[in-house]
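Structure at a glance
Given next are the chains, with one letter for each unit.
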There are 2 protein chains.
Amino acid sequence: MQLTAHACRAREVLDRVGDKWSLLVVSLLGERTMRFTELKREIDGISQRMLTVTLRGLERDGIVTRTVYPVMPPRVEYSLTPMGATLITAASTLVAWAEAHRTQIDAARADYDARTEEPTPPQPQ
Amino acid sequence: MQLTAHACRAREVLDRVGDKWSLLVVSLLGERTMRFTELKREIDGISQRMLTVTLRGLERDGIVTRTVYPVMPPRVEYSLTPMGATLITAASTLVAWAEAHRTQIDAARADYDARTEEPTPPQPQ
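In this text the structure is predicted, and so the values were computed from the model without any measurement. (Residues numbered from 1 in each chain as written. Chains lettered and ligands numbered in written order. Predicted model: local features only at pLDDT ≥ 70, side-chain atom pairs only at ≥ 80, totals over all residues.)

Some thoughts on the overall build of chain A
The secondary structure content of chain A amounts to 6 helices and 3 strands. Summarising the internal contacts of chain A: among those between residues at least 6 apart in sequence, 52% fall at separations of at least 24. (Helix = DSSP H or I, 4+ residues; strand = E, 2+ residues; numbered from the N terminus. Contact = placed C-beta atoms within 7 Å.)

What follows is the structure in C-alpha cells.
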C-alpha cells in the first residue's frame, strides 16, 4: 500500500518535471531568457512541435513565463518564473550525478555488451 | 558554443537517467529488492515490455543488478548496485521539489486554463 502510494505520487510528479525536454528547457532558461528559435537551436534533436508542447506545458505549470513584445515581427521570449528558478537546483543535482558517474556508466555498458554479445554461430563445413 | 555543449551534455545524461520509468524503478528499488511482477504491480500504467526495456537499460548502465535463483519456477530479483544507490538522492531531490510545489503547480494550471479557455462562440439567432 505504502509503495503503491509512493509510486503513484512519484509518477504524477515525474509527468510534470521528469521528462528530458522539460529538464533541458529549464536548464537552459536557468542561464538566461531565450527566444523560441534560440531554444530550438540549443536543444539538438528537438522538433518544433515538441518544443512548442514542452514550453506550453511548462507555462501551464507556472514554471516558464512567455512574454510577447509588440514589435514587427513580434518578439516572444521565455524565461523562468520564480518557482521555475527553484527547480534548477533539483535538475542540476540529477545532471551532476550523471556527469560524476559517466565513466563508470560507460564501463558498465561495455562490460554488459561484452557479456551479452551474440556468440558466433558455428560455420558449416 | 558554451550553451550548445551544455545542452548536449545534459541531453546525453538525461537519456540515461532522466526518463520517468527509470526514475520510478530506481525510487522503488531504493526501498528494497523486488521481483519483476512486484515492480510491475507497483508502477501503475507500465507495460510488461516497457518495464523489461527499462530494467535492461538500467542493468546495462550498471545501476540495477539482476539475480536469477535456480529454483523452479526461476526466481528473478532486481536491486540497486552501489552506484545505483547513489542515484536515489538525486532522484528524490527532484521528487521533493515537485511535492513541495504541487499546490502551486495546480493553482498555476487552473489559472492558465481559465485564461486560455475557448470563448463560447456566439449562438445564431
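Some details on the environment of A:Ala85
Residues and elements named next belong to chain A. Tracing the backbone shows Ala 85 in helix α5 (residues 82-100). By C-beta crowding, Ala 85 is classed as partly exposed, having 14 other C-beta atoms within 10 Å. C-alpha separation for the pair Ala 85 and Val 26, spaced 59 residues apart in sequence, amounts to 8.1 Å. (Buried ≥ 20, exposed ≤ 12 C-beta atoms within 10 Å, placed from the backbone.)

As for the nonpolar core
Counting 44 residues, the largest nonpolar core has A:Val25, A:Val26, B:Val25 and B:Val26 as its most contacted members. Listing elements by their share of this core, those giving two or more residues are α2 (20-29), α4 (48-60), β3 (75-80) and α5 of chain A together with α2 (20-29), α4 (48-60), β3 (75-80) and α5 (82-100) of chain B. With residues up to four places along the chain from it excluded, the contact list for A:Val25 reads A:Leu39, A:Thr54, A:Leu55 and A:Leu58. (Core = buried A, V, L, I, M, F, W, Y, C linked by C-beta atoms within 7 Å.)

Considering the sheet that holds strand β1 (residues 34-35) of chain A
Whether parallel or antiparallel, the strands of a sheet pair through hydrogen bonds between backbone atoms. Residue and element names in this part refer to chain A. Here we have 3 strands laid out as an open sheet, ordered β1-β3-β2, and antiparallel in their pairing. Two strands lie at the open edges of the sheet, namely β1 and β2 (64-69), each paired on one side alone. Of the pairings in the sheet, the one linking β2 to β3 comprises 6 bridges and is antiparallel in character. Paired with Val 68 across the strands is Val 76, a residue of β3. Sitting on the sheet, α2 touches β1, β2 and β3, and the angle it makes with β3 is about 95°. Relative to the sheet, α4 contacts β2 and β3, its axis offset from that of β2 by approximately 110°. (Pairing = 2+ DSSP bridges. Axes fitted to C-alpha atoms, helices over the stretch in contact; angles between N-to-C directions.)

Notes on the sheet that holds strand β2 (residues 64-69) of chain B
Residue and element names in this part refer to chain B. Across the sheet, 3 strands lie side by side as β1-β3-β2; this open sheet has antiparallel pairing. The strands lining the two open edges of the sheet, one partner per strand, are β1 (34-35) and β2. Helix-sheet contacts for α2 involve β1, β2 and β3, and the interaxial angle to β3 is about 95°. Sheet strands in contact with α4 are β2 and β3, and its direction is about 110° off that of β2.

Section: the pairing of β3(A)
Put simply, side chains in a regular strand alternate between the two faces of the sheet. Judged from the 2 bridges that link them, β1(A) and β3(A) form a sheet pairing that is antiparallel. Bridging from a neighbouring strand, A:Arg35 pairs with A:Glu77 of β3(A).

Details of α4(A)
Working note: α-helix, 3.6 residues per turn, so residues spaced by three or four point in the same direction. Residues and elements named next belong to chain A. Here α4 is 13 residues long and its end C-alpha atoms lie 18 Å apart, about the 18 Å a rise of 1.5 Å per residue gives. Within α4, the full set of buried residues consists of Thr 54, Leu 55, Gly 57 and Leu 58. Buried residues of α4, viewed axially, fall in a sector of 160°; they line one side. The outward face of α4, more than 90 degrees from its buried face, is lined by the exposed residues Gln 48, Arg 49 and Val 53. On its buried face, α4 sits against α2, β2 and β3. (Expected span 1.5 Å × (residues − 1). Arc of directions from axis to C-beta.)

A word on the packing of α2(B) against α4(B)
All names here are of chain B. Between α2 and α4, the shortest axis-to-axis distance is 10 Å and the interhelical angle comes to 70°. For the element pair α2 / α4, the angle class is roughly perpendicular. Between α2 and α4, the contacting residues are Trp 21, Ser 22 and Val 25 on the first element and Met 50, Thr 54, Leu 55, Gly 57 and Leu 58 on the second. The residue makeup of the contact of α2 with α4, split by class, is 5 nonpolar, 3 polar and no charged. (Parallel < 35°, antiparallel > 145°, perpendicular 65-115°, else oblique. Nonpolar A, V, L, I, M, F, W, Y, C, P; charged D, E, K, R; others polar.)

Regarding helix α6 (residues 102-116) of chain A
For α6(A), spanning 15 residues, the distance from its first C-alpha to its last is 21 Å, which sits close to the expected 21 Å at 1.5 Å a residue. Of all 15 residues in α6(A), 0 are buried; the element is thus mostly exposed.

A look at unusual backbone geometry
That bond from A:Met72 to A:Pro73 is cis: its omega, -5°, falls within 30 degrees of zero. With respect to the helices and strands, A:Pro73 occurs in the loop between β2 and β3.

Some details on the environment of B:Gly84
Tracing the chain through its elements places B:Gly84 in helix α5. Discounting residues that sit within four places of it in the chain, B:Gly84 has contacts with B:Val26, B:Ile63 and B:Val64.

Quick word on the confidence of the model for chain A
When pLDDT is low, close inspection of the predicted coordinates is not appropriate. Residues and elements named next belong to chain A. Put simply, chain A has an average pLDDT of 82, and 79% of its residues get 70 or more. Confidence scores differ between elements of chain A, with helix α1 (residues 2-17) showing the lowest mean pLDDT of 55 and β1 the highest of 96. Among the prediction metrics, the complex's ipTM stands at 0.71, with pTM recorded as 0.69. (pLDDT = per-residue confidence, 0-100.)

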